[in-house]
Structure formats: C-alpha cells, structure tokens
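This is what each chain is made of:
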Amino acid sequence: MKKGLLTYSISFVVALAIILGVCGGNGVFTKDLSGQETMRFVCDGFFVVAALFLGVSLIVWTGKQGVFDGLGYSMSLWTQKFTNRKRDWHKKEEFHEYKERVAEKRKKREVNHLLIIGGVFAILTAVSYLVYKFAF
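Residues numbered from 1 in each chain as written. Predicted model: local features only at pLDDT ≥ 70, side-chain atom pairs only at ≥ 80, totals over all residues. Heavy atoms only, no water.

Undergrad: Quick rundown of the overall build of the protein? Include the residues and the values.
TA: In terms of regular secondary structure, the protein is built from five helices and zero strands. When the helices and strands of the protein are read in sequence order from the N terminus, they spell out α-α-α-α-α. Projecting the C-alpha coordinates of the protein onto the three principal axes gives extents of approximately 70 × 35 × 25 Å. By residue count, 26% of the 136 residues in the protein fall in the buried class. Nonlocal contacts in the protein, meaning residues at least 24 apart in sequence, comprise 73% of its contacts between residues at least 6 apart. Of the roughly 9,700 Å² that the protein leaves accessible, carbon and sulfur atoms contribute 67%. Distance between charge centroids for the protein: 4 Å, based on 19 positive and 11 negative side chains. (Helix = DSSP H or I, 4+ residues; strand = E, 2+ residues; numbered from the N terminus. Buried < 20%, exposed > 50% of the residue type's maximum accessible area, 1.4 Å probe, protein only. Contact = heavy atoms within 4.5 Å. Areas by Shrake-Rupley, 256 points an atom, 1.4 Å probe, with all protein chains shown as cover. Lys, Arg positive; Asp, Glu negative; His and termini not counted. Charge placed at Lys NZ, Arg CZ, Asp CG, Glu CD.)

Laid out in structure tokens, this is it:
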C-alpha cells in the first residue's frame, strides 16, 4: 500500500511541476495577464500533463503486451555480436526463450498510476477549456 501511495504521490508532484513549468514559461506568475489568458495557459498545462501521462501509459502498456519483444531481441543479438571479446557469433538463446525470460520482468511494470493521473488531468483540461471558452 505504501508503494502505491508513493508512486501516485511522485507522479502527482511531477505533474504539478510540469504544469507550473508551462504556466511559468508563459508568464502566468510574472506578467499581468487577463483572466482569459491565464485560464488558457492553465488549460495548456493540464493538457501537456494529460498528453504526456496518457501517452507514456499507452507505450508502457503496449510494451507490457510484448509488442517490442522482437526489437529487444534483435538489439540484444546485435550488442552481443559487437561486445563479445571472443567473437563468438552463435546465438545465446532463441526468440521464444527470450520472450519467456522477458515476460517475467514485465509482470512488475505498473501503468495504473500513469493512466489514472493522466485521465484526471484530461478531465481537468476539459473543464478548464470550458471555463476558458464560456466564462470570458
């Protein structure tokens, strides 16, 4: 339970840092902006976080399904060929053995915290966009 709370907390702090970076880069804290401009930059910050977190969660999820196994296997063979000092050009393991070995490591990857925080910020993006569009 502590590990889950820690990952959510770290992800949320990173999300807030990104939002503050986007808002600060656009002068929300230093310039005298109108309410509409401020809301636009806040909406932009929420959107950047939502896009990043949902995009990364999608990439991690597809990797967890084994989509990148072929690429990983070919890269491991390539690095073995060029880093082996004895110049042993024989394969060390077959592809199906590689898939089984990597599948054990993949079980540990969690994507829920990225998906949930990205979804929350996507909803905040929609709400802030509606406020931006109709309140001013």
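Undergrad: Outline the packing of helix 1 (residues 2-25) against helix 2 (residues 35-64), supporting the account with residue identities and numerical values.
TA: One way to put it is that helix 1 packs onto helix 2 with a least axis distance of 8 Å and a crossing angle of 140 degrees. Here helix 2 runs oblique to helix 1, going by the angle between their axes. Here the hand of the crossing between helix 1 and helix 2 comes out right-handed. Together, Ser11, Val14, Ala15, Ile18, Ile19, Val22 and Cys23 of helix 1 and Phe41, Val42, Asp44, Gly45, Phe46, Val48, Val49, Leu52 and Phe53 of helix 2 make up the contact between the two elements. (Axes fitted to C-alpha atoms, helices over the stretch in contact; angles between N-to-C directions. Parallel < 35°, antiparallel > 145°, perpendicular 65-115°, else oblique. Left-handed = near helix turned anticlockwise from the far one by under 90°.)

Undergrad: I'd love a proper account of a nonpolar patch on the surface, names of residues and values included.
TA: Side chains of Ile59, Val67, Phe68, Leu71, Met75, Trp78 and Phe82 sit close together on the surface and give an oily, nonpolar patch of about 770 Å² of accessible area. At four residues, helix 3 (residues 69-83) tops the list of elements feeding residues into the nonpolar patch. Mapped onto the elements, Leu71 comes out in helix 3. Here Leu71 falls in the exposed class, since its relative accessible area comes to 54%. (Patch = residues over 30% accessible without salt bridge, like charges linked within 9 Å, V, L, I, M, F, W, Y side chains within 5 Å. Salt bridge = Lys/Arg side-chain N within 4 Å of Asp/Glu carboxyl O.)

Undergrad: Summarise the packing of aromatic side chains; cite the residues concerned and give the values.
TA: Per the stated rule, a full pass over the model turns up five aromatic pairs. Seen from their ring centres, Phe46 and Phe121 are 5.8 Å apart, and the 45 degrees between their planes marks the pair as tilted. Linking Phe46 in helix 2 with Phe121 in helix 5 (residues 112-134), this pair joins segments that are 75 residues apart in sequence. For the residue pair Phe46 and Phe121, the accessibility class agrees, reading buried in each case. The interplanar angle of 55 degrees and the centroid separation of 5.4 Å between the aromatic rings of Tyr73 and Tyr98 together place this pair among those described as tilted. Here Tyr73 is found in helix 3, whereas its partner Tyr98 is found in helix 4 (residues 95-106), with 25 residues between them in sequence. Assigned by exposure class, Tyr73 and Tyr98 land together as buried. Taken together, the aromatic side chains of Phe12, Phe46 and Phe121 make up a single cluster linked through ring pairs. (Phe/Tyr/Trp six-rings, centres within 6.5 Å; stacked < 30°, edge-to-face > 60°.)

Undergrad: Would you mind going over the environment of Leu16 in detail, with residue names and values included?
TA: Its location among the elements puts Leu16 in helix 1. For Leu16, a relative accessible area of 35% corresponds to the partly exposed category. Linking Leu16 and Val28, residues 12 residues apart in sequence, is a C-alpha distance of 15 Å.

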